[in-house]
Structures are given as C-alpha cells and as structure tokens.
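One-letter residues, chain by chain:
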Amino acid sequence: NKHELKMKFIVALLAFLTLVNADCYMQNPRGTNDRLNEANTDRNNANRMFDSQNNAKGGFCYGPAMGFYEGSLLSIEWTVQHGCGINAKLVCNIVLQYICSNSDADPTTLVRDGSTTNTITNDATGATATTNGQLTYGLHEPYSYYQACSTRLRNKGLWINDRNLGGNTAQYTRQNNNANRFGYECPEERDYFPYWAPTPWVDIAVLVPTQDYCPFYQAESFNVKSKFICTNNGVQAAPNNQADCATASLTWTEVPANGHPAPDCVVAPLSRDNHLGNGGDGLHNNMYNWTLPFAKDLPCIANDNCNC
C-alpha cells in the first residue's frame, strides 16, 4: 500500500509500499497483499485496498516506508504462481505501474496506508475520516475514480466465458462478476491493459512473451495517449463510446495523457508454471530494474499486475 512517512536524504526520494495482482507476489519492494499491521497468519481483509487474487497467507505486514534515491535503480522482484516468460504452456503479460501523491496532498487524493484493516467506505466521507488524529482508511485511487468506474458502462466486447455478470458498469468483469469492491479500485481497469479510459496509474514497463506486443502497448499507454470519456456537465456519464455519447446528447471529452514517457517493453523472464519460486535460473527471483523518476519526496505505490 501507500505510506506518507519518508526517510530524509540529501536528495529527494520516493517512499514505497507495494501491491500485487493475480497470483503474483512482489518480493521487493515488499508487497502487502492487502495487509496492514495485523499480527495473525492470514490477512484480515482481502478487500481492503485492491484485489490481489492471492492466498491470504501471502504478503508483508506494515513497516516503515522504504526510501530510494531519485534517478537510482530499483530492482522490482516477484514470484508468480502460474508461470510467465517464453513458456509454451501459456501467454503472460506483467504490467508494472506506480501512483504517487504530494506528501501534503488533500486527504481525498493522499496515497496512504491508513490505520485500520477495514475497507474504506463507499462515500465521499471515507477519504477524510480520522481515528485518534490519523486518517482512518488506506487509499490508492481517489473516490472520484471509483465513482466514474461505477457509472461508466462496461466494455461488452470483452470475453466473459460463461460468467453471468450482475450488472453493466465497469465494476463487473469476468473475474469480478458480482462487483465486489476493493478499496476504490476499478475492476475493469485492473483486469485489462491498456485501459481505454483515464487511470491514475503511471505505466513503468510491460513484460511480454514476445516483443511483437510492444508497439501496441507502448502506443496505447495513458502515459502517451489521451483517453476519452463521456461527460454530463464535466462528470462521468454512462456511455463508454462516442456514438452512444452523442446519441445521449452528452459530451465526448478528451482527457490528456499523463505526460510520462511510454513504458518500457521487454520480454518477461521465464518462470515455471505451478512454481511460486525463483525464476528460470532456479537461483534468484525474477526482476526488472526500474530507474526511479524525479518525484520530489512523494509517497508512492508500485503495482505488479500479472495477466496470464
């Protein structure tokens, strides 16, 4: 998750805690798997901040925020249960992302751990609630982002197999057919990359089975390509495409790209299927070396999202 406590160095640095998705376990920086500071073997709440789709025993508990020099290399290390890389048994992509806020940001956008393992409330008061002088709930995405997700119609061109989805907004996906809520995460954006609507996440890198995928992923990243949404007086409306938006006499609105460079795109390192351990060499965790951006002492979260 996120934490506003920062170690002070001579230069500005990033403060990180991390999240993971889909049977991926981030080993460095330490991945939370939705934990906070609970002392038991299993995490208390799998819905606290995000849908890790991981075993409840995984993850690292709360600790002081980790500090890193801007411009230095951070080795992101992970294990993945279902395998990845050049593996004839599967096709796998790993997407590395991060999100930051100013350390003095408004509580509605401040990236943080919170002080409870309860899920943030689904209303505008959750982000500002306090307990003993501390913000109560952990927060990744802002509440406005979840409101937009729960208003925008889902993409009905996606494969859902035989799943009966309980609704038609972007909360409902093949992997989340009942729209269970995980903090303010948008399930459709979590499950599909690159996403077709704006997202607060910044893309670091995409690890692919073949570099044939790279031109598409890099060109479609919100880092470099603006996205469009249908709005009604500046607020997200239900239509998810220009034609339906026009039919409803609403406004098809461009949201500029976030301005970061296109994500790196490399072939994913090999990991065996059904082996939650070291990479193809059998000796080390698989890893990606990320050159940290110049972020001026911000609290940040890294996201390791595996789609196999």
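Computed from a predicted structure; not experimentally measured. (Residues numbered from 1 in each chain as written. Predicted model: local features only at pLDDT ≥ 70, side-chain atom pairs only at ≥ 80, totals over all residues. Heavy atoms only, no water.)

Visitor: How do you make sense of the state of the cysteines when you look at a structure like this?
Guide: Between two cysteines, a covalent bond joining their sulfur atoms is known as a disulfide. Within the structure shown, the criterion is met by 4 disulfides. One disulfide in the model links Cys 214 with Cys 265; its S-S distance is 2.1 Å. With the S-S dihedral at roughly -80 degrees, the linkage between Cys 214 and Cys 265 falls on the left-handed side. With Cys 214 in helix α3 (residues 214-220) and Cys 265 in strand β12 (residues 264-267), this residue pair connects regions lying 51 residues apart in the sequence. Judged on exposure class, the residue Cys 214 and its partner Cys 265 are both buried. The disulfide bridge from Cys 230 ends at Cys 245, spanning 2.1 Å between sulfur atoms. On the sign convention where negative means left-handed, the S-S torsion of about 85 degrees between Cys 230 and Cys 245 marks this disulfide as right-handed. (Disulfide = S-S within 2.5 Å. Helix = DSSP H or I, 4+ residues; strand = E, 2+ residues; numbered from the N terminus. Buried < 20%, exposed > 50% of the residue type's maximum accessible area, 1.4 Å probe, protein only.)

Visitor: Sorry, what's going on with the packing of aromatic side chains here?
Guide: Within this structure, the stated rule accounts for 9 aromatic pairs. A ring pair is formed by Tyr 192 and Trp 196, whose centres lie 6.2 Å apart and whose planes are at 40 degrees; its orientation type is tilted. The partly exposed category is assigned to Trp 196, whose relative accessible area is 28%. Ring centres 5.7 Å apart and planes at 45 degrees place the aromatic pair Phe 193 and Tyr 217 in the tilted group. With Phe 193 in the loop between α2 (187-191) and β8 (202-208) and Tyr 217 in helix α3, the pair connects residues that are 24 residues apart, well separated along the chain. Its relative accessible area of 8% is what places Tyr 217 among the buried residues. Taken together, the aromatic side chains of Phe 193, Tyr 213, Phe 216 and Tyr 217 make up a single cluster linked through ring pairs. (Phe/Tyr/Trp six-rings, centres within 6.5 Å; stacked < 30°, edge-to-face > 60°.)

These results come straight from atomic positions and should not be treated as a statement about function.
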